Amino acid sequence: MRLFALSLVAALTYGSIASGDPIQVAEVQRTTPVQFDQEILPILRQSCLACHSDSERNGGLVLETPQAMLAGGDSGPALVAGKGAESLLLKLAAHQEESFMPPPDNDVNAPVLKPQELGLIRLWIDQGARGGETATPAAPWKWEPLAGSLGPAYAVAIKPDGRQIAVTLANQLYVYDAASGQRLAQLQDSALDPATAHRDLSKTLAWSSDGTLLASGGYREVKLWRQPHEARLATLPTGSAATAIAVSPDQKWLAIAAADHTIQLWNAATAEPGPKMTGHDKQVTALRFTADGQRLVSASLDGTIRIWLREDGAAVGMLQSPTPVHALELVATAKPSNEQASPPQLIVTGGADKLLRTWKLPETPSPESASDAEPADVATSEIAAHDDTITALVAAPDQPMQVYSGSLDGKIRRWNLTPMKQMAQWDHGAPVLDIDVRADGKRLASVSENHTAKLWDASGKQIAELKGDLLKQRNAARLQRDLQAARQRVTILTQRVAAAEQDLTTRTEAQKTTDEDLQAANEEVAKKKLALDQAQPETPTDKDAATDKAAPADNAEKVDHQQAYRDAEMAQKLAQQKQTAAITATQATQKLLADAKQSVAAAETNVQQLQARLDAANQQAAASERPLRSVRFAPEGKTVVTAGDFPSVQTWDAETGVPIEAFTEQAAALYPLEFLDNQRLISAAGDAEAVIWNLNPQWRLLRTIGSTEQADLISHRVTSLDFNSDVSLLLVGSGAPSRSGELGLFRVADGTQLHHLPKAHTDVVYAAKFSPDGTQFLSAGADKYLRIWDVKTEKLLRQFEGHTDYALGVAWKGDAQTIASASADQTLKVWNVESTDQQRTITGYGKDITALKYVGETDQVISSCGDGTVRLQTSANGKTIRNFAAGIWLHCVDVTADGTLVVACSDDGRLFVWDGASGKQLHAITVGQ
């Protein structure tokens, strides 16, 4: 529905009052003073200020303050203090005199006043028409819960990695998983009662470019929310570096081997230590719980394979390998069945002798007999499996008697253990340090000391190569985009300098011509003056007078010289005017050239600074590419994690290998790794502890900027938000309807205000965006204008005129030379930034265009419309590429940078998600349910 929906409802409700009939003025009985800000101004705002605000002044009349009403307009004062019945305001609003207010069939559907409202206004005037000196919007006296039936979803934003979607419904804020459509979180401010995101409607959202912050706007406030990359659930003091980790099948117990050769059991729920096992005298390289979870098997470089009871840590068996054991796995000998839930398992080991050995898992004897037994030293079978040390073993999921092996020879092989036979091979191309297989067997991952992880399908095809730290790579990519935008700005400014230099040359030549013309005109005046003087007769005598009467030809000659002199003076004056204009133009061009050169110098300095930051970021990203030593698939199979010498954990999409998330850089390396469940991961953490991590930590409210009591900071409801590229600044758009359009720049680090433009527009700012290089910002308002401002100076740089109704959305193209705007006039316009010329007007929309955005760095623009359609179009020619139909009024739209995901929100509270490439609808989610 239109922005004036509430006014339209009111107009329909009271439309039974005929426009030509007087409206009864109710008798309002009260002894307390009528408050202008709280009682009168809201009435005027809904019915009068659209035409009689400081920005409109129809008939010269402003109704925003009592002082302005007393001053009146073209028809005189609007009110007479103390005499409500005699006041013009009341007479026109009550339809007692022409012209009626508001006019019938007015453009904004402003409703006529009700009898009770008219009575209140009359009483206020009778009491003296008192009110504040300024028109500061009044803060609510008391917040009331929003109606449960309030259903529009006003704002949507896709996280830059495309994996999460934030959406608002009334004053609630939710985050959804883009792939599954499942709700991940509801963000709430616990200080509010009941807990919600905001007290008032939230109509705008913005993600930071690095995806670390989400900003939401409410009434006079902005809230910054953060979801940490990771969160420590528990720290386990291991005393020395962890060398191997295992998780029991029921996920209740952890086993951690330490560098001191001991093995400690831990309660996964309480992080309390359990039994401690000693017996190995060299590094423990691998741990595995048996399928029933009752025993733990360990392998060591001391050549022994030991079996322990989980309940008390007692040693109940030992096998002796002829060489150090680097890898161990337990392989089922049969599939589980009703008769046998946990079939017998076989021990498989590998080591520096390159042989794959199988061992029978000993029956569980009593601890007493186990301590007296000699270690078994005969494997049931062995095979030369690799050309170098075997470093990793993983059982084939749901395939008894099959195992995968990884080796320093760079190969991963799949084996059938009965008989010992190779089934498949994958070539990593560098020494393999660890491997894992997804639960469905369709994906395999390997990590290497050559700094890479590789994702494979079951046939041996490489899906992706994974390396480096995602956060550092994202930072470098962002700086690369910033640098590209900054270089484009230098190019534009350099072109402006060249144009100014050419213009200065032209104007200098023109001034030289005017100088010469003036000199010639001066000489002509002197010449004509001399001729006139010579033509003047001597003082006549009585004798000569008679002669003069007889010489009319001499008088005629005198007249000719006077006219010639006057003509010369006029030509001289014109030449002087031309010279003055030429000098003024030359000076203006000189100033323009100097300013342009200064802008180029500043832009070049910015490029140099960005280049230095990019170089440093690239070095950091390259430095994060270190040997990877541990890899694990999540139990549900959607993600795979890697860790190594760089102190972080990286999360990747298990199907495609696309990077998802990364831990913030820690103080020490975080391998080995094991999943406790889909949301919890356990890793080593330096030389003395292990950590249980929450992979989906709770969102928290980082900061609130502004408050309902701070009207001087943000005057009204926040309608637009945008972070700059380096997430140092937040741009906030707001404004009181029909009164002001406001812009504010805030520092993200501490929430302090850097710039404030309270009168940036004469009506509400509906959209504001930073330029790609962050040096300028663009705004659009209900006053129909677009404006570009300088970030550092707040100076207005350009204004764009052409829309005939509210400007509701703006977007920068990646080259910063083109902008696009959306309007309630049902047009999408494309503009040249430098000239402010319209390049194209795209029509064909059925209702208001509510939002738009350029798709990445392309020329494609996507828009949402009140006619229920999202349109993907080429901005250069207006050609429609694809439509996405929702069939209901759409308030907002967003799209991923690669165009693969499109989202929009509707008036009935639904979130629509489409495949951007095909147009297929993926989800239609009722927000909040």
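Basis of the calculations
Residues numbered from 1 in each chain as written. Predicted model: local features only at pLDDT ≥ 70, side-chain atom pairs only at ≥ 80, totals over all residues. Heavy atoms only, no water. Helix = DSSP H or I, 4+ residues; strand = E, 2+ residues; numbered from the N terminus. Rg over C-alpha atoms; globule rule 2.2 N^0.38 Å. Buried < 20%, exposed > 50% of the residue type's maximum accessible area, 1.4 Å probe, protein only. Contact = heavy atoms within 4.5 Å. Areas by Shrake-Rupley, 256 points an atom, 1.4 Å probe, with all protein chains shown as cover. Lys, Arg positive; Asp, Glu negative; His and termini not counted. Charge placed at Lys NZ, Arg CZ, Asp CG, Glu CD. Polar contact = N/O pair within 3.5 Å; in protein donor to acceptor, adjacent residues only side chain to side chain. Pairing = 2+ DSSP bridges. Axes fitted to C-alpha atoms, helices over the stretch in contact; angles between N-to-C directions. Phe/Tyr/Trp six-rings, centres within 6.5 Å; stacked < 30°, edge-to-face > 60°. Salt bridge = Lys/Arg side-chain N within 4 Å of Asp/Glu carboxyl O. Core = buried A, V, L, I, M, F, W, Y, C linked by side-chain atoms within 4.5 Å. Parallel < 35°, antiparallel > 145°, perpendicular 65-115°, else oblique. Left-handed = near helix turned anticlockwise from the far one by under 90°. Nonpolar A, V, L, I, M, F, W, Y, C, P; charged D, E, K, R; others polar. Domains from an automatic or database assignment. Buried area = accessible area lost by both parts, 1.4 Å probe.

Student: Looking at this model, I keep getting lost on the overall build of the protein. Mind explaining?
Tutor: Each helix and strand in the protein was counted, giving nine helices and 56 strands. Its C-alpha atoms give the protein a radius of gyration of 40 Å, clearly above 30 Å, the size a compact globule of 929 residues would have. Dimensions along the principal axes, computed over C-alpha positions, put the protein at roughly 160 × 80 × 45 Å. For the protein, with 929 residues in total, the buried portion stands at 52%. Once local pairs closer than 6 in sequence are excluded, the contacts in the protein between residues at least 24 apart make up 51%. Within the structure as shown, the protein displays about 40900 Å² of accessible surface, and the carbon and sulfur contribution to it stands at 49%. Positive and negative charge centroids in the protein, built from 88 and 113 side chains respectively, lie 2 Å apart.

Student: Just to check I follow, could you spell out the side chain of Gln227 for this structure?
Tutor: Structurally, the position occupied by Gln227 is in the loop between strand S7 (222–226) and strand S8 (231–237). In this structure the side chain of Gln227 is engaged in a polar contact, spanning 2.9 Å, whose partner is the side chain of Asn696. Of note is the side chain of Gln227, whose polar atom sits 3.0 Å from the backbone oxygen of Pro697. Excluding its chain neighbours within four sequence positions, the residues that come into contact with Gln227 are Gln164, Thr212, Asn696, Pro697 and Trp699.

Student: Even after reading the chapter, I still don't get the sheet that holds strand S46 (residues 818–823), so can you show me in this structure?
Tutor: The strands making up a sheet are joined through hydrogen bonds of the backbone, oriented either antiparallel or parallel. The strand order across the open sheet built from four strands is S45-S46-S47-S48, with neighbouring strands paired in antiparallel fashion. The sheet terminates laterally at strand S45 (807–812) and strand S48 (838–842), the two strands that pair on one side only. The sheet shows a mean angle of 20° between the axes of neighbouring strands, direction not considered. In the sheet, S46 pairs with strand S47 (residues 828–832) via five bridges, with the strands oriented antiparallel. Bridge pairing in S47 links Ile819 to Trp831.

Student: Would you mind showing me how to read the pairing of S47 here?
Tutor: As a general feature of sheets, a regular strand has side chains that alternate between the two faces. Taking burial as the measure, the five residues of S47 include four buried ones, the bulk of the element. Connecting the antiparallel pair S46 and S47 is a turn made up of four residues, with Gln826 showing a positive phi of about 70°. Pairing analysis gives four bridges linking S47 to S48, with the strands arranged antiparallel. Note that in S48 the partner of Trp831 across the bridge is Gln838. Connecting S47 to the antiparallel partner S48 that follows it, the hairpin turn spans five residues, and Thr836 within it adopts a positive phi of roughly 65°.

Student: Mind showing me how you'd approach the packing of aromatic side chains here?
Tutor: Counted according to the given criterion, the structure contains 11 aromatic pairs. Consider the rings of Tyr766 and Tyr806, whose centres lie 5.8 Å apart with planes at 25°: the pair is stacked. Taken together, the residues Tyr766 in strand S41 (residues 765–770) and Tyr806 in the loop between strand S44 (796–800) and S45 connect sequence positions 40 residues apart. Assessed through its relative accessible area of 14%, Tyr806 is described here as buried. One aromatic cluster is present, formed by Phe770, Phe777 and Trp789 through successive ring pairs.

Student: How should I be thinking about the pattern of salt bridges in this particular structure?
Tutor: Think of it this way: side chains of opposite charge can pair up when their charged atoms draw near. Throughout the structure, instances matching the rule amount to 39 salt bridges. The closest approach of N and O atoms between Glu382 and Arg357, which form a salt bridge, is 3.1 Å. With a gap of 25 residues between them, Glu382 in strand S20 (residues 381–384) and Arg357 in strand S19 (residues 355–360) connect regions that are remote in the sequence. Of the residues examined, Glu382 reaches a relative accessible area of 48% and is grouped as partly exposed. Overall, Arg357 belongs to the buried group, its relative accessible area being 7%. Between Asp859 and Lys813 there is a salt bridge, with the nearest N and O atoms lying 3.3 Å from each other. A residue pair is termed long-range when its members are at least 10 positions apart, and Asp859 in the loop between strand S49 (849–854) and strand S50 (860–865) and Lys813 in the loop between S45 and S46 qualify at 46 residues. Accessibility expressed as a relative area gives 21% for Asp859, which makes it partly exposed. With relative accessibility at 17%, the residue Lys813 sits in the buried group. A single salt-bridge network, built from bridges that share partners, covers Arg438, Asp440, Arg443 and Glu655.

Student: Any chance you could explain the nonpolar core here in plain terms?
Tutor: Buried together is how nonpolar side chains tend to be arranged in soluble globular proteins. Core analysis: the largest hydrophobic core is formed by 31 residues, its most contacted members being Ile40, Leu44, Leu63, Met69, Leu118, Ile121 and Trp124. Of all elements in the fold, only helix H2 (36–47), helix H4 (88–93) and helix H5 (115–126) reach the threshold of two or more residues within this core. No other element matches H5, which puts six residues into this core. Ignoring anything within four residues of it in the chain, the contact list for Trp124 reads Val34, Phe36, Ile40, Pro66, Met69, Leu79, Ala129 and Arg130.

Student: What is the right way to look at the side chain of Ser240 in this model?
Tutor: Its place among the elements puts Ser240 in the loop between S8 and strand S9 (242–247). Overall, the relative accessible area of 13% leaves Ser240 in the buried class. Beyond its immediate chain neighbours, meaning those up to four positions away, Ser240 contacts Ala258, Ala259, Asp260, Asp687 and Ala688.

Student: Just checking my understanding: could you explain the packing of H2 against H5 for this structure?
Tutor: Viewed as axis vectors pointing N to C, H2 and H5 meet at an angle of 130°, and their least axial separation amounts to 11 Å. If you check the angle between H2 and H5, you find them oblique. As for the relative orientation of H2 and H5, their crossing is left-handed in sense. Mapping the contact onto sequence places Phe36, Glu39, Ile40, Ile43 and Gln46 in H2 and Glu117, Leu120, Ile121 and Trp124 in H5. Residues that form the contact of H2 with H5 fall into these classes: six nonpolar, one polar and two charged.

Student: How should the sheet that holds strand S29 (residues 628–633) be read in this particular structure?
Tutor: Within the open sheet, the four strands sit side by side as S29-S30-S31-S32. Their pairing is antiparallel. Across the chains shown, the open sheet's two edge strands, defined by having one partner strand only, are S29 and strand S32 (659–662). Between one strand axis and the next, the sheet turns through 25° on average, direction left out of account. Strand direction decides the pairing type here: strand S30 (residues 639–644) and strand S31 (residues 649–653), joined by five bridges, are antiparallel. Each residue of the ladder has a partner; that of Ala643, found in S31, is Val649. Against the sheet, helix H7 (residues 470–535) makes contact with S31 and S32, and its axis sits at roughly 110° relative to S32, the strand it touches most.

Student: Where do I start with the domain arrangement of the protein in this structure?
Tutor: Structurally, the protein comprises domain 1 (40–127), domain 2 (153–228 + 700–926), domain 3 (232–364 + 373–469 + 626–694) and domain 4 (472–534 + 571–623). Computed from C-alpha atoms alone, the centre-to-centre distance between domain 3 and domain 4 is 68 Å. Between domain 3 and domain 4, roughly 540 Å² of surface is buried when both sides are summed, and carbon and sulfur atoms account for 30% of that area. Counting every contact that joins domain 3 to domain 4 gives one salt bridge.

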